[in-house]
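# Architecture at a glance
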Amino acid sequence: MLLRFSLKFSLFRFLLYVKSMLDILFFSLSLPSKFISAFRRNQTTPPSSPGPTLAPTMVLLNRREYFQDPTNHICVPSPPAPRPVSLGPRPVSLGAANDLSFPFGNIDGLHPDDLRTTAYEIFFTSCRSSQGFGSRTGITVYPFESRDHRSRSPGSPGSPRSPRSPCNGVTSRIKKSLGLKMFNRTPTTRRSYSCGSTPFSPSGYNNSPRSPRGSFSTLPSRSTIRRPLTSAELMRQQMKVSEDSDNRIRKTLMRTLVGQMGRRANTIILPLELLRHLKAAEFDDVDEYRAWQKRQLKTLEAGLLNHPSIPLEKANTFAKCLRDIINSSDVKPIDTTKNSETMKTICNCVVSLSWRSPNGAPTDVCHWADGYPLNINLYLPLLRSIFDLKEETCVLDEVDELLELMKKTWPTLGITRPIHNLCFTWVLFQQYVMTGQAENDLLRASLTMLTEVANDAKKFDRDPIYVNMLSAMLSSMIKWSDNRLLDYHESFNRWTVDLMENILPLAFSAAKILEESGIDKYEDVSDPSGNKVDRYIRSSLRNAFAKMVDNISTIHGSMKLREESGKLIQLAKGTEELALREKGMFSPVLKKWHLFSAGVAAVTLHTCYGSLLRQFLAANSMISNETVVLLQRADKLEKFLINIVVEDSIECEDGGRTVVREMVPYDVDSVVLRYLRQWIQDCLKRVKDVVETAKETETWNPKSKSVPYAQSTMELMKQTKEAVESFFDIPVGVSEDLVREFADAIERILQDYIAFVASCGSKESYIPTLPPLTRCGQGSKFTKLWRIAAPCGLNLNETGYDESNYSRPSTSRGTQRLYIRLNSLQYILSQLNLIDKNLAFSPKIVASSPRYRFGGNRKSVGGSHFDQTRSTIQWATKHVSEIAAYKLIYLDSNSVFYGSLYTGDVETSRITPALKIMKHNLTLLTAIVTERAQPLAMKELMKATFDVYLRILLAGGTSRDFTRYDHRLIEEDLMNLKKLFSTCGEGFIVEDVVDREAEALEGVVALMGKPTEQLVDEFRALVCDGNGVGLMGGLRRKLPMPPTTGKWSSTDPNTILRVLCHRNEGAANLFLKKNFQLPKRK
């Protein structure tokens, strides 16, 4: 008996020695927590009675005999608990939550549970020197019994502060500043057990349905005491980390920090240390170890390879080696023993990658978990731990201490206070959404935190990553809010309408922050709050009205067309009820941001119902009793809605005139009469006035960049279409004779306008007059020898053109206005088809007598009414295209074509500058001219270009002369000119058309390559044949001067004569002087 007591006493002294050593190392909790808790209980027992207290201390149950807590960490023989639902970026089943997009990016290869576990490991490592984690005394979590003993300290509501003293009551400064309610019960007191488990041991829970913050039963056979949880124990509970995982972290840190207890946490590459110090024997089974090892490797991959804070070079060998090892681990686990070459390689690669600096200089900062978005995905699980596990809408009273401990992870994760404020705001808002919007305090807390975010966003030294996070988070919040507010009739009811008072300022605050911070990625940021509320009102009422229409259509889906008036009568009643609901329930809330909210709602409903009413009148050609009843009910509804607008506009400065002007009246009283008396005459008079006004004021400027038509054309066709639509709104049958008369009147007006469009001059006004024929002086022998020796050499005057002068089109404003005329003609043609179809196939047309009353069989109603107008448009389009082309070539581009091309010398004045400008001109043409008018405009431009080229070669005046050696250069220029038109656009001009139009030009160029003697012979032959004189007679007689027909070709004698006049050779000079006495050029 004495020996047994001596052994127990020796063991007790040994345990006291071990505890003192661990306290010196600030790591007393590195041993299993169930052992340490029992050990501390023994310390309170006097040494004289170690027996009764030592026995329970040595009771170590098997791992699977422990009861775990109800947060699915139970490890018992019963079926395993399901995997907990994560609050990360994965969507939940709530409808509103599906609309909330996660703004910070996902991490591939890591499950949210893996991120949560890794976050806890970083948290524990960062807090290892704090009380409750490895120091002598723990931060104890006490029930709050007094709320007035906390001193306030400055800072943002979500900013962490130093922990409170254990002697004070639980009074959260953060919860108070955010407006969150404190718990009215002891939240963190847990039972501490004498059976060997810690107060946070899994055995401290049962399946009682009572509040999770109440007391818990213990093992039946064990006596229990109560003590509060430490911050470390509370955090492990909130992070859902098992005791085994916690113990493994403690062991790893003890092994890592042996001899270097002052080492900073942000210099510890935690996944690497875990891989080095933990082996498969410390896990339950091989599969658990493999999953654990894979998580550590994936964490290293995410932090060092996929999302590094310092960008990696593509040729980094350490990164490639580490990635190969990680990829190979998917097939086979990595050997992490001490002598493993693979482990040595991993260590080498990880250390090299994590201890990099942006400029390559030595650094004392370790980067392995501070790259975006990995750091945010690790920090968010820590912030989510502030919510109670059972009551997810409640924030723990210990939030101040927990946030203060989380602050220790900032150096490792690269978190700053602005980023913390962003993340904390998002966590509060996300929790509000994910919990079904049940706790309004969370939404108000998010709004409070946005004030801190706004202050951070105004700073000038913002990090680019912070700016991206700010934009993404606020855009997500705005999008979610807009989805609720754009259909607030569906989102809220009489019990939840108060939520709008919080969601509206949240949306406005987020938009204001984006606007003031200079971030405008969200499309509605620049809208004032009044305009946004106006949009919310109109959108929600349109949606509510549409749903009401769908319900009515479903109920009365079997009714006939003539009974549809009953639907609209019922819809009018429902519209009044909807207006009353809006005025009584939502307008008082919306009026804080929009003074005329009820008036806007009434106008919107008036417009929606009016649209259906007009559709009904357009679809029913005959006035019936049902229609009359409907019109009377519509008149009553209109007066009711106008009354709401007037009442809502009493305080308005203009009396609500702005809102009332939006209401297009139904004109119920005049619907029947206005279609009977001189309707056609009055309607067409408005169309004629448009034409007469256009003749006096039209400037042919486009209405806008997106609407490249003349203002008068748009107004004309608008008036014409309105006339046709109104024509068939007459509540009587329309005869075929009336349709023909109406169509003929429209056609006369349109032809008058088309003639006005085509009155833009003629092409002859832009073509220069032909200069008199002269003969060239004989060129110098030096020039001839130079051209023979270097036909493709350097120009005599290099760089004769400044390239910068040809970087823009030469199209003048006048030519662009001609393009607008072309567009206007095509617009008339396109709208004419629609008008013709409406006139020809309207269901309101009543058959008339077979013979047209004005005599003769005219067009049938089913045929076309505007064939003559279409022909006129085709002629006018060709005429305007031709004038635009000649104006562009001969006037706008005169400096590069007729004014300078081949002047002086061919080699120094090639066509290249002209081609560059023509490309710009063609680009501008395709940008202005509509697609249907482009082919004809391109073709006419090509003809004008070939015409000016012919005129340069044959009638270029005294400044141009050519030799046979210029033929190859001119032929090359012609090929480039043809290529310009055959390749422009999307097949506007096919190559065959280009070749056909260039035949005459190619023939003239071919003449320029022939010898002078051959040209003289061909000229004589053509002249003699034309005058009926034989060739021999032509040699003896003086040749007559051939007439200038303007149709130049290789078989025209006048064309050959002009080639000789521009030939700078002695033989040509002599022939022209002898036969025609042409003067010599000066």
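Residues numbered from 1 in each chain as written. Predicted model: local features only at pLDDT ≥ 70, side-chain atom pairs only at ≥ 80, totals over all residues. Heavy atoms only, no water.

### Thoughts on the nonpolar core
We count it as follows: Definition used in this section: a nonpolar core is a set of buried Ala, Val, Leu, Ile, Met, Phe, Trp, Tyr and Cys residues joined via side-chain atoms within 4.5 Å. Here the term buried applies to any residue with accessible area under 20% of the maximum for its type, exposed to any over 50%, and partly exposed to those in between, with areas from a 1.4 Å probe on protein chains only. Helix and strand assignments come from DSSP, with helices taken as H or I runs of at least 4 residues and strands as E runs of at least 2, each series counted from the N terminus. Should any heavy atoms of two residues lie within 4.5 Å, those residues are considered in contact.
With 155 residues, the main nonpolar core has Met406, Met500 and Tyr609 as its most contacted residues. Here the element with the most residues in this core is helix 23 (residues 597-619); it accounts for 11 residues. Aside from chain neighbours lying at most four places away, what touches Met500 is Leu485, Tyr488, Phe492, Pro505, Phe586, Val589 and Leu590. Ranked by size, the runner-up nonpolar core spans 116 residues in total, among them Leu829, Phe946, Leu974 and Cys1061.

### Some points on unusual backbone geometry
Pro373 follows Tyr372 through a cis peptide bond whose omega is 5 degrees. Structurally, Pro373 is set in the loop between helix 12 (341-354) and helix 13 (374-384). Positive phi values are uncommon outside glycine, yet Lys240 reaches one of about 60 degrees. Topologically, Lys240 is positioned in the loop between helix 7 (231-238) and helix 8 (243-256). Taking the relative accessible area as the measure of exposure, Lys240 reaches 22% and is therefore partly exposed. The backbone of Gln1077 shows a phi angle near 50 degrees, a positive value even though the residue is not glycine. When you line up the elements, Gln1077 lands in the segment after helix 40 (1066-1076). Given the relative accessible area of 48%, Gln1077 is considered partly exposed.

### Quick look at helix 16 (residues 417-434)
Given 3.6 residues per turn, any residue in an α-helix points the same way as the ones three and four places further on. Just so we agree on the cut-off: A helix is expected to span 1.5 Å multiplied by its residue count minus one.
Taking 1.5 Å of rise per residue, the 18 residues of helix 16 would be expected to cover 26 Å, and the 25 Å separating its terminal C-alpha atoms lies within 8% of that figure. Within helix 16, 17 of the 18 residues are buried, which leaves the element mostly enclosed by the surrounding structure. At the exit of helix 16 stands Gly436, carrying a positive phi of roughly 75 degrees.

### Notes on the side chain of Arg775
We apply this condition: Residues scored as positive are Lys and Arg, those scored as negative are Asp and Glu, and His as well as the terminal groups of each chain are ignored. Throughout this description, the term salt bridge denotes a Lys or Arg side-chain nitrogen within 4 Å of a carboxyl oxygen of Asp or Glu. Counted as a polar contact is a pair of N or O atoms within 3.5 Å, where, for protein atoms, one must be capable of donating a hydrogen and the other of accepting one, and residues adjacent in sequence contribute only when both atoms are in side chains.
Residue position: Arg775 is located in the loop between helix 28 (736-758) and helix 29 (781-789). Asp961 provides the closest opposite charge to the buried, salt-bridge-free Arg775, at an N-O distance of 13 Å. At a separation of 2.7 Å, a polar atom in the side chain of Arg775 contacts the side chain of Asn1069. At a separation of 2.6 Å, a polar atom in the side chain of Arg775 contacts the main-chain carbonyl oxygen of Leu1078. Here Arg775 is in contact with Cys1061, Asn1069, Leu1072, Lys1073, Leu1078, Pro1079, Lys1080 and Arg1081, once residues within four sequence places are set aside.

### Some thoughts on helix 12
Helix length check: helix 12 (14 residues) gives 20 Å between terminal C-alpha atoms against 20 Å at 1.5 Å per residue, within 8%. Turning to helix 12, its buried residues number three or more, namely Met343, Ile346, Cys347, Cys349, Val350, Leu353 and Ser354. In this fold, the buried residues of helix 12 make contact with helix 9 (270-277), helix 10 (286-306) and helix 11 (317-328). Of the residues that open helix 12, the one with a side-chain oxygen 3.3 Å from the backbone nitrogen of Thr342 is Ser340.

### Some points on the environment of Gly956
Locating Gly956 in the fold gives a position in the loop between helix 33 (934-954) and helix 34 (967-982). Taking the C-alpha atoms as reference points, Gly956 and Tyr898, separated by 58 residues in sequence, lie 7.4 Å from one another.

### Digging into the packing of aromatic side chains
Put simply, the test is: Paired rings are identified among Phe, Tyr and Trp, the last through its six-membered ring, by centres lying within 6.5 Å, and are further divided according to the angle between planes into stacked (under 30 degrees), edge-to-face (over 60) and tilted (the rest). Over a ring means this: the NZ of a Lys or the CZ of an Arg is within 6 Å of the ring centre and within 35 degrees of the ring normal.
Within this structure, the stated rule accounts for 24 aromatic pairs. With a centroid separation of 5.6 Å and 10 degrees between ring planes, the pair formed by Tyr886 and Tyr890 is classed as stacked. One end of the pair, Tyr886, and the other, Tyr890, are both in helix 31 (residues 867-892), four residues apart, so they sit about a helical turn from each other. No difference in accessibility class separates Tyr886 from Tyr890, as the two residues are buried. With 6.0 Å between their ring centres and 75 degrees between their planes, Tyr902 and Tyr949 make a pair best called edge-to-face. Here Tyr902, found in the loop between helix 31 and helix 32 (912-928), pairs with Tyr949, found in helix 33; they are 47 residues apart in sequence, far enough to count as distant. Neither Tyr902 nor Tyr949 differs from the other in exposure class; each is buried. Aromatic rings pair up to connect Phe102, Phe104, Trp426, Phe429, Tyr432 and Trp480 into one cluster. Here Arg484 stacks its cationic end above the ring of Trp480, 5.0 Å away from the centre of that ring.

### What about the packing of helix 17 (residues 440-457) against helix 18 (residues 464-485)?
Filter applied, for reference: Lines fitted to C-alpha atoms define the axes, with helix axes restricted to the stretch in contact, and inter-axis angles between N-to-C directions lie between 0 and 180 degrees. Here a crossing is taken to be left-handed if its near helix is turned anticlockwise relative to the far helix by less than a right angle, and right-handed if that turn runs clockwise. Put simply, Ala, Val, Leu, Ile, Met, Phe, Trp, Tyr, Cys and Pro go in the nonpolar bin, Asp, Glu, Lys and Arg in the charged bin, and everything else, Gly too, in the polar bin.
Between helix 17 and helix 18, the shortest axis-to-axis distance is 12 Å and the interhelical angle comes to 145 degrees. Crossing hand, helix 17 versus helix 18: left-handed. Across the interface between the two elements, Leu450, Val453, Asp456 and Ala457 of helix 17 pack against Tyr466, Leu470, Leu474 and Met477 of helix 18. Taken together, the residues of the contact of helix 17 with helix 18 break down into seven nonpolar, no polar and one charged.

### Looking at the confidence of the model for the chain
The test is simple: Think of pLDDT as the predictor's per-residue confidence, scored from 0 to 100.
Here the chain averages 77 in pLDDT, and 73% of its residues register 70 or above. When pLDDT is averaged over each element of the chain, helix 13 comes out on top at 95 and helix 3 (residues 50-57) at the bottom at 33. Under a pLDDT of 50 for its full length, residues 161-168 has, in the predicted model, 21 contacts with residues more than four places off or in other chains. Here residues 849-862 scores under 50 on pLDDT; set against residues more than four positions off or in separate chains, the count is 28 contacts.

### Details of the packing of helix 27 (residues 711-727) against helix 28
Test applied: Working rule for angles: under 35 degrees goes down as roughly parallel, over 145 as roughly antiparallel, 65 to 115 as roughly perpendicular, anything else as oblique.
In contact at an axis separation of 12 Å, helix 27 and helix 28 are set at 175 degrees when each is read in the N-to-C sense. When the interaxial angle is binned, helix 27 and helix 28 end up roughly antiparallel. Contacts from Ser712, Thr713, Leu716, Met717, Thr720, Ala723, Val724 and Phe727 of helix 27 reach helix 28 at Leu738, Val739, Phe742, Ile746, Ile749, Leu750 and Tyr753. In terms of residue class, the contact of helix 27 with helix 28 is built from 12 nonpolar, three polar and no charged.

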